[in-house]
Each structure stands twice: as C-alpha cells, then as structure tokens.
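Remarks on the overall topology
Listed below are the residues making up each chain.
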Amino acid sequence: MPVDVKTLIHEGAELTDRALEALIPSSDTVPNSIHGAMRHSTFAGGKRLRPVLAMQAAATIAGKVPAGIENLGAALEMLHTYSLIHDDLPALDNDDLRRGKPTCHVAFGEAIAILAGDALQTRAFEVLAGLQCPPPAAVKIIGLIANAVGTVDGMIGGQVLDIESEHQKPTPELVEAIHRAKTGALIRVSVVAGGIYAGATDEDVARLDTFGRKAGLAFQIVDDVLDMTVDSEQLGKTAGKDLATEKATWPAVFGIEQSERDAASLIDEAFAAIATYGTRADGLKSVAQYLVERKN
C-alpha cells in the first residue's frame, strides 16, 4: 500500500507541535518577551521535516514510531528555529520575512531575537538530556547533534562559509561544502539520531548516515532552485535573495536544469543506501521524495 506522505508529515508535525507546546515556556512565563519570541518563531508554520525524518528513520529501524521520540523531534526543531532566527538577523541575511510572517528581530527587536535563538539552542540540549532511551544512546545522540550544529562540517561552520563566500565566484567545491554543512548536517543528524533512538546498530547508523547526507544535499539544492523560481508569497520568505547577494548556490554553478537532475539523482542514491530495510523504509523514502518535489 503506497504511503500517504502528506498525512504522514501532518501527523508527525502535530506530534512535534504538541511536544513543543509542552516544552517551551508559555509567553505568560517571566521574562515574557523572550518566551513570546521563542514561540513566535517556533510556531510560525514550519513543516517539521527534521522531526518527521527522525520519526521515520526510527520506524525504519524499529518497525514503528517509538514512544517519546517526539521530544527528540522537538529538540531538533528548536535547533533549526534557533538557526533561522540568527540567520535572519541584520548582521547575517538581514531578512524581514520568514514562513510568511515577520522575522523574530522585526517582531521583538534584535536583542531579544539573539537571546531567543540562544535560549532555543540551550533548551534543545536540556530536552535531549532527558530523552526516553537508554543513557548511552542519549549521550551518543547529544554528541552527534552538537557536532552537526558546530563549526567543523556543521551548521555554524556552513553559515560562516556562506557569509564569507558572498560576492565571490562560487566553485562546485565551495557550494557543496556550504550545503553539506549549513543545511545538510542537521538533516543528516535528524535521520541518524532517530535511528539511534530506536536502537540502530553501527551498520544501521552507517546506512542512515549515507541516506541523510544524500537527502540533505538534495534538499538544499531544491531550496536554491525554489529561491530562483518561486515568488516570496509562495516561498514564505524573501525570494531572489540568493541572486541579489550573489550567494554561492547550486544553480549559480550548475544551472537550474542540472540542479534538478542532481537532486533527483541524490535521492536515488539515498534510497539505495537503505534498500536493505524493504517496506519498513517506505515512510522515510516518501519524506525524502517530498523534500525534492515540494514547491515551497
């Protein structure tokens, strides 16, 4: 029976949202401003793809979505949201629109936005420390996620490369390095952490890691293409920013048609990495397919 990917993503997002609602202090909690800012950006309408990937990777290993994994998903979403808040700041991308709503610094001021990003990152690791899985698995998950957010082949390192590459002629090597780190690392670790939560062996982790690397790069290539081909209203953020700031993007190096072919090819390679799991991986594969076929 084919997987209904929209229902699968919707149910995973709802599970994640319920966890986030419980885990992030209410805007009535003092200091009200920062909790309001954290919630403004967290509940601005994200698709929750990283939590859903974690859930479906866990289902690939365990045969079903394990209890309590929504807290892992919520922590991943907090880290993703923190990166978006900081990414949008005047000192970085200077963007005033995110998911169709005013960015955090536009709504709450720059100081609170910086601190809201910091607070989401801190809260994420607090949540990870209390995961309902064996302590060795929790420790491994925390280490891998911290590494994926960090400076060496991680999200922050990718952000630095991205900033420093503006207005330079992009090379294939530079674009791939930025994409694998800035966006790909958190997608890859979402898949791997979900597997570990469900009891993955070292062999399982290696397969999921390959899948996550390929799918993460494909996701960012598609993101680059959408920035060049879709308007701001449909995209939910300012379209055309990459071109305006001369960002190092996949289409800037390879063109739009080749970029679309590369994304499709990467998804095929990702699927091959998890072929051994048969139908148990159908959910994970369907989400990855959605990543490259989405229109926003």
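The notes below deal with the structure included here. (Residues numbered from 1 in each chain as written. Predicted model: local features only at pLDDT ≥ 70, side-chain atom pairs only at ≥ 80, totals over all residues. Heavy atoms only, no water.)

**A few points about the overall build of the chain**
When you go through the chain residue by residue, the secondary structure sums to 15 helices and 2 strands. For 296 residues, the compact-globule formula gives about 19 Å, and the C-alpha radius of gyration of the chain, at 18 Å, lands near that figure. Principal-axis analysis of the C-alpha atoms gives the chain an extent of 50 × 45 × 35 Å. Counting across all 296 residues of the chain, residues that qualify as buried make up 52%. In the chain, of all internal contacts separated by at least 6 residues, the share reaching a separation of at least 24 is 72%. About 12,700 Å² of surface is accessible on the chain, with carbon and sulfur atoms providing 54% of the total. Across the chain, the mean location of the 27 positive side-chain charges is 4 Å away from that of the 40 negative side-chain charges. (Helix = DSSP H or I, 4+ residues; strand = E, 2+ residues; numbered from the N terminus. Rg over C-alpha atoms; globule rule 2.2 N^0.38 Å. Buried < 20%, exposed > 50% of the residue type's maximum accessible area, 1.4 Å probe, protein only. Contact = heavy atoms within 4.5 Å. Areas by Shrake-Rupley, 256 points an atom, 1.4 Å probe, with all protein chains shown as cover. Lys, Arg positive; Asp, Glu negative; His and termini not counted. Charge placed at Lys NZ, Arg CZ, Asp CG, Glu CD.)

**Details of the packing of helix H14 (residues 256–273) against helix H15 (residues 282–293)**
Relative orientation of the contacting elements H14 and H15 amounts to 170°, with a least axis distance of 10 Å. Regarding the angle of H14 to H15, the classification is roughly antiparallel. Of H15, the residues touching H14 (which contributes Ala263, Ile267 and Phe271) are Lys285, Ala288, Gln289 and Val292. Classifying every residue of the contact of H14 with H15 by side-chain character gives 5 nonpolar, 1 polar and 1 charged. (Axes fitted to C-alpha atoms, helices over the stretch in contact; angles between N-to-C directions. Parallel < 35°, antiparallel > 145°, perpendicular 65-115°, else oblique. Nonpolar A, V, L, I, M, F, W, Y, C, P; charged D, E, K, R; others polar.)

**Things to note about unusual backbone geometry**
Where the residue is not glycine, phi is negative for most of them; where a peptide bond is considered, it is trans in most cases. In the segment running from Val30 into Pro31, the intervening peptide bond is cis, with an omega of -5°. Mapping Pro31 onto the fold places it in the loop between helix H1 (5–23) and helix H2 (32–42). One non-glycine residue with positive phi stands out, namely Arg48, at about 65°. Residue position: Arg48 is located in the loop between H2 and helix H3 (49–62). A positive phi angle, close to 50°, is found at Asn94, a residue other than glycine. Structurally, Asn94 is set in the loop between helix H4 (69–87) and strand S1 (97–98). The class of Asn94 is partly exposed, set by a relative accessible area of 47%.

**Topic: the packing of aromatic side chains**
Enumeration over the complete set of coordinates arrives at 1 aromatic pair. Ring geometry for Trp250 against Phe254: centres 5.0 Å apart, planes inclined by 35°, an arrangement best described as tilted. Here the residue Trp250 and the residue Phe254 both occupy positions in helix H13 (residues 250–254), the gap between them amounting to 4 residues, near one helical turn. A cation over an aromatic ring shows up here: Lys285 above the ring of Phe271, its NZ or CZ 5.4 Å from the ring centre. (Phe/Tyr/Trp six-rings, centres within 6.5 Å; stacked < 30°, edge-to-face > 60°. Lys NZ or Arg CZ within 6 Å of the ring centre and 35° of its normal.)

**Details of the nonpolar core**
By size, the foremost hydrophobic cluster in this structure holds 81 residues, and its most contacted members are Leu72, Met78, Ile141, Ile145, Leu208 and Phe211. When residues of this core are assigned to their parent elements, the largest contribution, 11 residues, is made by helix H9 (residues 172–197). (Core = buried A, V, L, I, M, F, W, Y, C linked by side-chain atoms within 4.5 Å.)

**So, the packing of H3 against helix H10 (residues 202–229)**
Two numbers describe how H3 lies on H10: the axes approach to 12 Å, and their chain directions differ by 150°. Compared by their axis directions, H3 and H10 come out roughly antiparallel. Between H3 and H10 lies a crossing whose hand is right-handed. Only Asp204, Leu208 and Phe219 of H10 make contact with H3, whose side of the interface consists of Leu49, Arg50, Ala57 and Ile61. (Left-handed = near helix turned anticlockwise from the far one by under 90°.)

**Concerning H3**
Here H3 spans 20 Å end to end across 14 residues, near enough to the 20 Å set by a 1.5 Å rise per residue. Of all 14 residues that make up H3, 13 are buried, and the element is covered over most of its length. Of the residues flanking the end of H3, it is Gly63, one or two places downstream, whose phi is positive at about 90°. (Expected span 1.5 Å × (residues − 1).)

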